[in-house]
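Report on the structure
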Amino acid sequence: MTNLDGSPIGRAHSNPLLDTRQYEVQLEDGTTDAYFANIIAENLFNQCDSEGRELLSFKEICDHRKNHRAISIENGYTISKNGNKTPKRTTVGWDILVEWRDGSTDW
């Protein structure tokens, strides 16, 4: 983007987090808005781990269900030699329905 006299807004920098150039960005709904390059870069970096893999965050857990592989309440404990019951820690047989930040859902 440029200011009224045609000069670019912001300054380029080799470090994207310090780049203050301004860009016009088209959003998913078709509208446009102005964003600085360092804000765009920060948003992209926040979506990746240190090895560059994409991180997804969900909005909420919407539902859950179990299938035939889930451990029943009766079989959900191990009993030690002295008779103490310890719960079995597993998620086998359980599914959760999550809503992602973009509104889509997955089991």
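The notes below deal with the structure included here. Remember, predicted model here, so these are calculated numbers, not experimental data.

1. Considering the overall build of the protein chain
Looking only at helices and strands, one finds one helix and seven strands in the protein chain. Listed by position from the N terminus, the elements making up the protein chain come as β-β-α-β-β-β-β-β. Taken against the 2.2 N^0.38 rule, which gives 13 Å for 107 residues, the C-alpha radius of gyration of the protein chain at 25 Å runs more than 25% over that of a compact globule. Principal axes of the C-alpha set define a box for the protein chain whose edges measure 80 × 30 × 15 Å. Within the span of the protein chain, comprising 107 residues, buried residues form 10% of the whole. Total accessible area computed for the protein chain in this model is approximately 9200 Å², and 51% of it derives from carbon and sulfur atoms.

2. Considering helix 1 (residues 37-46)
Taken together, the buried positions of helix 1 are occupied by Ala37, Asn38 and Ala41. In an axial view of helix 1, the angular spread of the buried residues amounts to 95°, which keeps them on one side of the axis. Close packing links the buried residues of helix 1 with strand 1 (22-26) and strand 2 (32-36).

3. A word on the packing of aromatic side chains
Scanning the entire structure with this criterion turns up one aromatic pair. The ring of tryptophan 107 carries the charged tip of arginine 65 above its face, separated from the ring centre by 3.8 Å. Across the ring face of tyrosine 77, the terminal group of lysine 85 is positioned such that the distance to the ring centre comes to 4.4 Å.

Conventions used here
Residues numbered from 1 in each chain as written. Predicted model: local features only at pLDDT ≥ 70, side-chain atom pairs only at ≥ 80, totals over all residues. Heavy atoms only, no water. Helix = DSSP H or I, 4+ residues; strand = E, 2+ residues; numbered from the N terminus. Rg over C-alpha atoms; globule rule 2.2 N^0.38 Å. Buried < 20%, exposed > 50% of the residue type's maximum accessible area, 1.4 Å probe, protein only. Areas by Shrake-Rupley, 256 points an atom, 1.4 Å probe, with all protein chains shown as cover. Arc of directions from axis to C-beta. Contact = heavy atoms within 4.5 Å. Phe/Tyr/Trp six-rings, centres within 6.5 Å; stacked < 30°, edge-to-face > 60°. Lys NZ or Arg CZ within 6 Å of the ring centre and 35° of its normal.

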